[in-house]
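# Secondary and tertiary structure notes
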Amino acid sequence: NDTLLTEFVLSGLSSHPELQHLLFFTFCLIYTITIIGNLLIFIVTVHPTLHMPMYFFLRVLSFLDISTASIVVPKMLVNFLSEDRSISYVGCATQLYCVIFLGATECYILAAMAYDRYMAICNPLRYAIIMNSRVCHSLVLLSCCSGNVVSVVQTAWVFTLPFCGPKKINYFFCDIPPLIMLSCTDTSSYEKQIITGTVLVIFTPFCLILVSYACIISSILKISPAEGRHKIFSTCSSHLTVVTLYYASGTLIYLRPKSSNSQDTKKVLALIYTTVIPTLNPLIYSLRNKEVKAVL
């Protein structure tokens with residue numbers, strides 16, 4: 001007989017009691033840097049001299065990073081110091097929905113930022129007309145709607161699975177791979193749905209980014225002054241750094257959700273896109289951008 005499952009238990013990052021306080025202070029510091037850094041970027045890019053599409057998308061990215069970290073890290077910090085690491089069934093579903101929604105939306109926003117750089121470098125004379133306020137807001141709205149659809153579908157699929165096994169999740173937040181490991185039914189068809197979602201959310205935007213940067217590199221090579229090339233390469237390399245880290249970690253986790261890779265490896269990969277990248281984004285975009293540093 002199946003028992004009605006009302007809660008899960010998160011195992012956290014480590015099972016060693018002597019490491020819990022060290023991990024707490026480490027991730028508390030990382031979370032603080034994430035919040036302060038992204039808030040500064042959000043505030044700085046509102047400055048009148050930075051009213052450009054690139055900084056509009058950067059504000060959206062900062063908001064997404066703050067939200068992602070706030071969905072995952074506070075609960076993780078509490079679990080470091082508490083013996084009760086339970087999370088309710090509804091709370092787990094809500095956390096999964098939010099993580100997928102924010103992650104998918106960020107994937108599309110990164111693609112929109114690549115398109116913006118393509119228009120700015122390859123069509124500079126028409127850039128202001130093409131990338132107007134209406135277009136920028138439409139791209140953000142489309143990204144959010146797409147992320148919401150993906151999140152609703154994936155969350156609904158996961159929580160229609162029967163969980164009749166152990167309720168302990170070997171992870172530090174509710175995510176797709178550890179949850180389907182708890183299911184007592186065949187999940188092969190669901191895994192195919194995850195692969196389809198991964199293609200739509202990760203590979204499709206990534207291909208658009210590659211096309212955009214192929215055109216950008218082609219245009220850069222036609223620029224004769226070395227200083228002009230260096231400035232454009234510097235701007236684009238910041239975006240490519242974030243894209244590489246973000247898409248690679250997501251692909252390794254979701255493309256093969258029940259792969260033979262250890263859960264510890266997946267935990268490290270999940271830390272990259274939930275805590276590390278939100279911390280790095282403000283540093284990458286502020287320290288490598290003269291306009292942002294000047295306003296700051």
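Each remark here, short or long, concerns the structure printed above.
The model shown is predicted, which means the values in this text are computed figures rather than measured ones. (Residues numbered from 1 in each chain as written. Predicted model: local features only at pLDDT ≥ 70, side-chain atom pairs only at ≥ 80, totals over all residues. Heavy atoms only, no water.)

### Points about the overall build of the protein chain
Summing up its helical and strand segments, the protein chain has ten helices and three strands in all. Its C-alpha atoms give the protein chain a radius of gyration of 21 Å, near enough to 19 Å, the size a compact globule of 296 residues would have. Dimensions of the protein chain along its principal axes, counting C-alpha atoms only, are 70 × 40 × 30 Å. Expressed as a percentage of its 296 residues, the buried residues of the protein chain come to 49%. Considering only residue pairs separated by 6 or more positions, the protein chain has 79% of its internal contacts joining residues 24 or more positions apart. Within the structure as shown, the protein chain displays about 14,500 Å² of accessible surface, and the carbon and sulfur contribution to it stands at 68%. (Helix = DSSP H or I, 4+ residues; strand = E, 2+ residues; numbered from the N terminus. Rg over C-alpha atoms; globule rule 2.2 N^0.38 Å. Buried < 20%, exposed > 50% of the residue type's maximum accessible area, 1.4 Å probe, protein only. Contact = heavy atoms within 4.5 Å. Areas by Shrake-Rupley, 256 points an atom, 1.4 Å probe, with all protein chains shown as cover.)

### Thoughts on the sheet that holds strand β1 (residues 7-10)
In any sheet, the strands associate via hydrogen bonds between backbone groups, in a parallel or an antiparallel arrangement. Taken in spatial order, the three strands of this open sheet run β2-β1-β3, and their pairing is mixed. One side of each edge strand has no neighbouring strand; the edge strands of this open sheet are β2 (86-88) and β3 (168-169). Note that β1 and β2 share three bridges and pair antiparallel. Counted as the bridge partner of Val9 is Ser86 from β2. Contacting β1, β2 and β3, helix α3 (residues 89-122) runs over the sheet at an angle of about 85° to β2. (Pairing = 2+ DSSP bridges. Axes fitted to C-alpha atoms, helices over the stretch in contact; angles between N-to-C directions.)

### What to know about the state of the cysteines
The tally for this structure, following the rule as stated, stands at one disulfide. The partner cysteine of Cys92 in its disulfide is Cys174, sulfur to sulfur 2.0 Å. Measuring the twist about the S-S bond at about -125°, one finds the Cys92-Cys174 disulfide to be left-handed. Of this pair, Cys92 sits in helix α3 while Cys174 sits in the loop between β3 and α6 (176-180); the two residues are 82 residues apart in sequence, bridging distant segments of the chain. (Disulfide = S-S within 2.5 Å.)

In short, geometric facts, not functional conclusions.
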